Amino acid sequence: MTRMLIVGPAGSGKGTQSKRISEDLGIVAISTGDIFRVNIKEQTELGREAQGYVDAGDLVPDSVTNRMVEDRLTWEDAKNGFLLDGYPRNRTQVAALDEMLSRLDVSLDVVLELTADREELIMRLKKRAEIEGREDDADEGAIRRRLEIFESETAPMIAEYDARGLVRRVDGLGPMDQVNTRIMEALKS
C-alpha cells in the first residue's frame with residue numbers, strides 16, 4: 001500500500017509519470033484538476049461552489065479545494081493507496097492534508113519530487129504548447145511566473161516534507177521510460 005504525493009515544477013513530467021506510477025503500483029492517481037472537473041460536471045454542491053469562483057475569474061479557495069480532496073480520498077479506490085498530483089501546493093494545504101489524513105487514520109509514505117533545470121523546463125513547456133495547443137504553456141513570461149510561484153509557494157512545502165524524511169528527488173528530464181525507472185528505484189529506497 002502506497003500513499004504518496006508527486007510534486008515538481010510545471011513541465012517536470014508529473015502528469016505523465018503519475019499515470020505510469022499508478023499502473024506500476026496499482027494505486028489511483030488523483031489530480032486536483034480532475035477532482036474539480038468531476039465535481040463541476042456532476043454539479044455536486046462543492047462543484048457548484050467551485051464553479052462560482054471559476055466563473056468570476058477567481059481561484060478556488062483552499063477551503064473548497066480541501067473539502068474536495070478529502071471527499072475524494074474517501075472513495076473506495078483510494079483505500080488501498082493513492083498518488084496525489086497537484087495538492088498540496090503550499091504549507092497551508094499541507095496542514096489541511098495532515099488533518100484529513102489523521103481523520104482517515106492514514107499517513108503519507110513518500111513525497112516524490114521531480115526536478116529539472118529551469119531553462120530546460122521553459123523549452124519543454126513551449127514545445128508542449130506547440131504540440132498540444134496548450135495556451136497556458138505558450139507565453140514564456142507566464143511560464144516563468146508559474147515557475148516563480150512554484151519556488152515561492154511549493155518549495156517551502158517540499159522542505160517541510162523533507163524535514164519529515166519523506167522526500168525522494170528524481171531528475172524528471174530524459175526519456176519517459178528512463179525517468180520512470182529512476183522513480184521506481186527511488187521509491188524502493
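None of these values were measured; they are calculated from a predicted model.

Enquirer: Where do I start with the overall build of the protein chain in this structure?
Expert: If you tally the helices and strands in the protein chain, you get eight helices and five strands. Radius of gyration (C-alpha) of the protein chain: 16 Å, near the 16 Å computed for a compact globule of 189 residues. Taking the principal axes of its C-alpha atoms as reference, the protein chain extends roughly 40 × 40 × 30 Å. For the protein chain, the proportion of its 189 residues judged to be buried stands at 42%. Summarising the internal contacts of the protein chain: among those between residues at least 6 apart in sequence, 69% fall at separations of at least 24. By element, 49% of the accessible surface of the protein chain is carried by carbon and sulfur atoms, the whole surface being about 10,100 Å². Charge separation in the protein chain, taken as the distance between the mean sites of 27 positive and 37 negative side-chain charges, equals 2 Å.

Enquirer: Which parts of the structure should I look at to understand the confidence of the model for the protein chain?
Expert: Reading predicted coordinates in detail is not appropriate for stretches of low pLDDT. Averaged over all residues, the pLDDT of the protein chain equals 91, while 98% of them reach at least 70. Per-element averaging of pLDDT across the protein chain places helix 6 (residues 118-132) at the bottom with 85 and strand 5 (residues 167-171) at the top with 97.

Enquirer: Help me out: how do you make sense of the pairing of strand 4 (residues 110-115) in this one?
Expert: Remember that side chains alternate between the two faces of the sheet whenever the strand is regular. By the criterion of burial, strand 4 is predominantly enclosed, with five of the six residues buried. Pairing analysis gives four bridges linking strand 1 (residues 2-7) to strand 4, with the strands arranged parallel. When the sheet's bridge partners are listed, V7 is paired in strand 4 with E113. Taken together, the five bridges between strand 4 and strand 5 define a ladder with parallel strand orientation. Looking across to strand 5, one finds that L112 is bridged to R168.

Enquirer: Honestly, helix 6 in this entry has me stumped. Any pointers?
Expert: Given 3.6 residues per helical turn, the α-helix brings residues three or four places apart onto the same face. Relative to the 21 Å expected for 15 residues at 1.5 Å per residue, helix 6 spans 21 Å between its end C-alpha atoms, a close match to the ideal helical length. By the burial criterion, the buried members of helix 6 are L121, I122, L125 and A129. Here the buried residues of helix 6 occupy an arc of 100 degrees about the axis, which is enough to place them on one side. Exposed positions of helix 6 whose direction lies more than 90 degrees from the buried face are M123, K127, E130 and I131.

Enquirer: Got a minute to help me understand the pattern of salt bridges in this structure?
Expert: A pair can form between side chains of opposite charge whenever their charged atoms are brought close. For the coordinates displayed, the defined rule picks out 16 salt bridges. The closest approach of N and O atoms between E160 and R91, which form a salt bridge, is 2.9 Å. Taken together, the residues span a long stretch of sequence, with E160 in helix 7 (residues 140-163) and R91 in helix 5 (residues 91-103) at a distance of 69 residues. Of the residues examined, R91 reaches a relative accessible area of 48% and is grouped as partly exposed. With a closest N to O distance of 3.3 Å, R169 and D162 form a salt bridge. Taking relative accessible area as the criterion, D162 reaches 34% and is therefore assigned partly exposed. Linked through salt bridges whose partners overlap, the residues forming this network are R91, D98, E160 and R164.

Enquirer: Any chance you could explain the pairing of strand 3 (residues 81-85) here in plain terms?
Expert: In terms of burial, strand 3 is largely enclosed, as five of its five residues are buried. Residue alternation in strand 3 divides its side chains into two sets, G81, L83 and D85 and F82 and L84, and both sets are buried. Direction of pairing for strand 2 (residues 28-31) relative to strand 3: parallel, over a ladder of four bridges. Within strand 3, the position partnered with I30 by the bridge is L84.

Enquirer: Just to check I follow, could you spell out helix 2 (residues 32-41) for this structure?
Expert: Listed as buried for helix 2 are T32, I35, N39 and I40. Axial view of helix 2: buried residues confined to an arc of 120 degrees, hence all on one face. Summarising the geometry of helix 2, the exposed residues directed more than 90 degrees from the buried face are R37 and K41. In the core, the buried residues of helix 2 are packed alongside strand 2, helix 3 (45-55), helix 4 (62-73) and strand 3. Positive backbone phi, at 55 degrees, marks Q43, one or two positions downstream of helix 2.

Parameters at a glance
Residues numbered from 1 in each chain as written. Predicted model: local features only at pLDDT ≥ 70, side-chain atom pairs only at ≥ 80, totals over all residues. Heavy atoms only, no water. Helix = DSSP H or I, 4+ residues; strand = E, 2+ residues; numbered from the N terminus. Rg over C-alpha atoms; globule rule 2.2 N^0.38 Å. Buried < 20%, exposed > 50% of the residue type's maximum accessible area, 1.4 Å probe, protein only. Contact = heavy atoms within 4.5 Å. Areas by Shrake-Rupley, 256 points an atom, 1.4 Å probe, with all protein chains shown as cover. Lys, Arg positive; Asp, Glu negative; His and termini not counted. Charge placed at Lys NZ, Arg CZ, Asp CG, Glu CD. pLDDT = per-residue confidence, 0-100. Pairing = 2+ DSSP bridges. Expected span 1.5 Å × (residues − 1). Arc of directions from axis to C-beta. Salt bridge = Lys/Arg side-chain N within 4 Å of Asp/Glu carboxyl O.

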